[in-house]
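Spelled out, the chains give:
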Amino acid sequence: NAGVTQTPKFQVLKTGQSMTLQCAQDMNHNSMYWYRQDPGMGLRLIYYSASEGTTDKGEVPNGYNVSRLNKREFSLRLESAAPSQTSVYFCASTGAEGSNQPQHFGDGTRLSIL
Amino acid sequence: RKEVEQDPGPFNVPEGATVAFNCTYSNSASQSFFWYRQDCRKEPKLLMSVYSSGNEDGRFTAQLNRASQYISLLIRDSKLSDSATYLCVVHRAGTALIFGKGTTLSVSS
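Residues numbered from 1 in each chain as written. Chains lettered and ligands numbered in written order. Predicted model: local features only at pLDDT ≥ 70, side-chain atom pairs only at ≥ 80, totals over all residues. Heavy atoms only, no water.

Colleague: Lay out the interface of chain B and chain A in plain terms, naming residues and giving numbers.
Modeller: Each partner contributes to the interface: chain B provides 18 residues, whereas chain A provides 25 residues. Roughly 1700 Å² of surface becomes buried between chain B and chain A when both sides are summed, with 55% attributable to carbon and sulfur atoms. Put simply, chain B and chain A have one salt bridge between them. Close ionic contact of Lys2 of chain B with Glu59 of chain A constitutes a salt bridge, the shortest N to O distance being 3.7 Å. Taken together, the connections running from chain B to chain A amount to two residue pairs in polar contact (both at pLDDT 80 or more). It is strand β4 (residues 32–38) of chain B that provides the largest number of residues to the side of chain B that touches chain A, a total of four residues. Classifying every residue of the side of chain B that touches chain A gives eight nonpolar, five polar and five charged. (Contact = heavy atoms within 4.5 Å. Buried area = accessible area lost by both parts, 1.4 Å probe. Salt bridge = Lys/Arg side-chain N within 4 Å of Asp/Glu carboxyl O. Polar contact = N/O pair within 3.5 Å; in protein donor to acceptor, adjacent residues only side chain to side chain. Helix = DSSP H or I, 4+ residues; strand = E, 2+ residues; numbered from the N terminus. Nonpolar A, V, L, I, M, F, W, Y, C, P; charged D, E, K, R; others polar.)

Colleague: Outline the state of the cysteines, supporting the account with residue identities and numerical values.
Modeller: By definition, a disulfide links the sulfur atoms of two cysteine residues through a covalent bond. Residue and element names in this part refer to chain A. For the structure shown, the criterion picks out two disulfides over all chains. Disulfide partner of Cys23: Cys91, at an S-S distance of 1.9 Å. Residues Cys23 and Cys91 are joined by a disulfide whose S-S torsion is about -75°; by sign, that bridge is left-handed. Taken together, the positions of Cys23 in strand β3 (residues 19–25) and Cys91 in strand β9 (residues 87–94) put the pair 68 residues apart, joining distant regions of the chain. Accessibility expressed as a relative area gives 0% for Cys91, which makes it buried. (Disulfide = S-S within 2.5 Å. Buried < 20%, exposed > 50% of the residue type's maximum accessible area, 1.4 Å probe, protein only.)

Colleague: So what's going on with the environment of Arg44 of chain A? Residues and values would help.
Modeller: Residue and element names in this part refer to chain A. Inspection of the secondary structure puts Arg44 in strand β5 (residues 42–49). C-alpha separation for the pair Arg44 and Trp34, spaced 10 residues apart in sequence, amounts to 8.6 Å. If we skip the residues at most four places from it in the chain, Arg44 touches Trp34, Tyr35, Arg36, Asp38, Glu59 and Val60.

Structure (structure tokens):
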């Protein structure tokens, strides 16, 4: 059982390049999330999708777009990468938005922007 | 003020010690509470949920005080493998989970 799968695991980009981070879950979860984690900042929510067909902004959405392609997949796109977007990105899923169920995380994408 | 506050530490303790972490949350509408563990910037993993009556899982005990909006995690008989960052997490209806910045624990031999 793979759980939450993120690709790629590592990526280096040049400023201005675009990139899509992929996330897929095989747990039939309704809700999916994208976070970034920077040293000393904790996890910050970028976007989330409560259910297929819906997306909402989180705490730090600027510079990102998302697509909930189907129930399994939730992608995060950087249209024009900036050095400030250098971070570790985590995707997560949970059974239902608004539920008290814990989230399951992917193992992260380490993104460096030069 | 951040919605979830934790002492960042680090807490440096010897093996076998008992250590306690505290967390406060600011929104009284928060409904569910969790402790997650994160190793070396790997993905966070659920350690345990926190229930109003308090709950225990082996060496780990979690407590919730809704009146004071305070959550705690107690680790007894610390092991080297307990070294990690512990994240306090709260949830309220209509939102995603809200993570504290974490408390770092280092257990030494």
